[in-house]
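What the coordinates show
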Amino acid sequence: MTTAPENCRINYIELNVRDIDKAKSFYGKAFGWTFTDYGPQYAEFSDGAMKGGLTTTAPPSPAGGPLVILYADKLEAARDSVLAAGGTICQDIFTFPGGRRFHFTDADGYELAVWSKE
């Protein structure tokens, strides 16, 4: 019996947000994500490799969840995009054994990180 390649792999991430349009604007501007609307309370996002959702069906809960980490070829450019889109840097670029990264929060208070090998 063979196992499908997507078996037991992260497949989708969902964020509860206060305002879908504001979240779409931020992630679209900061990272170029695209969106498909599924009614007034849900929008699916695609970053080109993975899909996820933005929903207003529950209040945002940024504390206590997993840390979502994005990859960027150019870390400083990604940080500049986050700032230009209205994000807040909560931990500026630092070095770790695998490369460098920074952490930011979006308008709903979710903390995410961006890393680069260089």
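Cut-offs and rules
- Residues numbered from 1 in each chain as written.
- Predicted model: local features only at pLDDT ≥ 70, side-chain atom pairs only at ≥ 80, totals over all residues.
- Heavy atoms only, no water.
- pLDDT = per-residue confidence, 0-100.
- Helix = DSSP H or I, 4+ residues; strand = E, 2+ residues; numbered from the N terminus.
- Phe/Tyr/Trp six-rings, centres within 6.5 Å; stacked < 30°, edge-to-face > 60°.
- Buried < 20%, exposed > 50% of the residue type's maximum accessible area, 1.4 Å probe, protein only.
- Axes fitted to C-alpha atoms, helices over the stretch in contact; angles between N-to-C directions.
- Parallel < 35°, antiparallel > 145°, perpendicular 65-115°, else oblique.
- Left-handed = near helix turned anticlockwise from the far one by under 90°.
- Contact = heavy atoms within 4.5 Å.
- Pairing = 2+ DSSP bridges.

1. Some thoughts on the confidence of the model for the protein
For the protein, mean pLDDT is 92; residues scoring 70 or higher make up 97% of the total. Taken element by element, the protein is modelled with least confidence in strand 1 (residues 12-16), mean pLDDT 91, and with most confidence in strand 2 (residues 34-37), mean pLDDT 98.

2. What about the packing of aromatic side chains?
Tallying each qualifying case throughout the model produces eleven aromatic pairs. Look at F26 and F104: their rings are 6.0 Å apart centre to centre, the planes differ by 45 degrees, and that puts the pair in the tilted class. Placement of the pair is F26 in helix 1 (residues 20-31) and F104 in strand 7 (residues 99-105), with a sequence separation of 78 residues. F104 gets classed as buried once you look at its relative accessible area, which sits at 0%. For the ring pair F94 and F96, a centre distance of 6.5 Å and an interplane angle of 55 degrees mean the geometry is tilted. Every member of this aromatic cluster is reached through a ring pair, and the members are F26, Y27, F31, W33, F45, F102 and F104.

3. Quick notes on the packing of helix 1 against helix 2 (residues 75-84)
Relative to each other, helix 1 and helix 2 sit at 150 degrees, their axes nearing to 8 Å. As summarised for this structure, helix 1 and helix 2 are arranged roughly antiparallel, according to the angle between their axes. As for how helix 1 packs across helix 2, the hand of that crossing is right-handed. Contacts from F26, K29, A30 and F31 of helix 1 reach helix 2 at S81, V82 and A84.

4. Description of the pairing of strand 6 (residues 88-96)
Both strand 6 and strand 7 contribute to a ladder of six bridges, which runs antiparallel. Note that in strand 7 the partner of I89 across the bridge is F104. The loop that links strand 6 with its antiparallel partner strand 7 comprises two residues.

5. Looking at the sheet that holds strand 4 (residues 51-55)
Strands sit in the order 1-4-3-2 across an open sheet of four strands; the sheet is mixed. Strands with a single pairing partner mark the edges of an open sheet, and in this sheet they are strand 1 and strand 2. When strand polarity is set aside, the average angle formed by the axes of neighbouring strands in this sheet is 25 degrees. Two strands pair when backbone bridges link them, and strand 2 and strand 3 (residues 42-46) are joined in this way by four bridges, in the antiparallel orientation. Following the sheet pairing, D37 is matched in strand 3 by A43.

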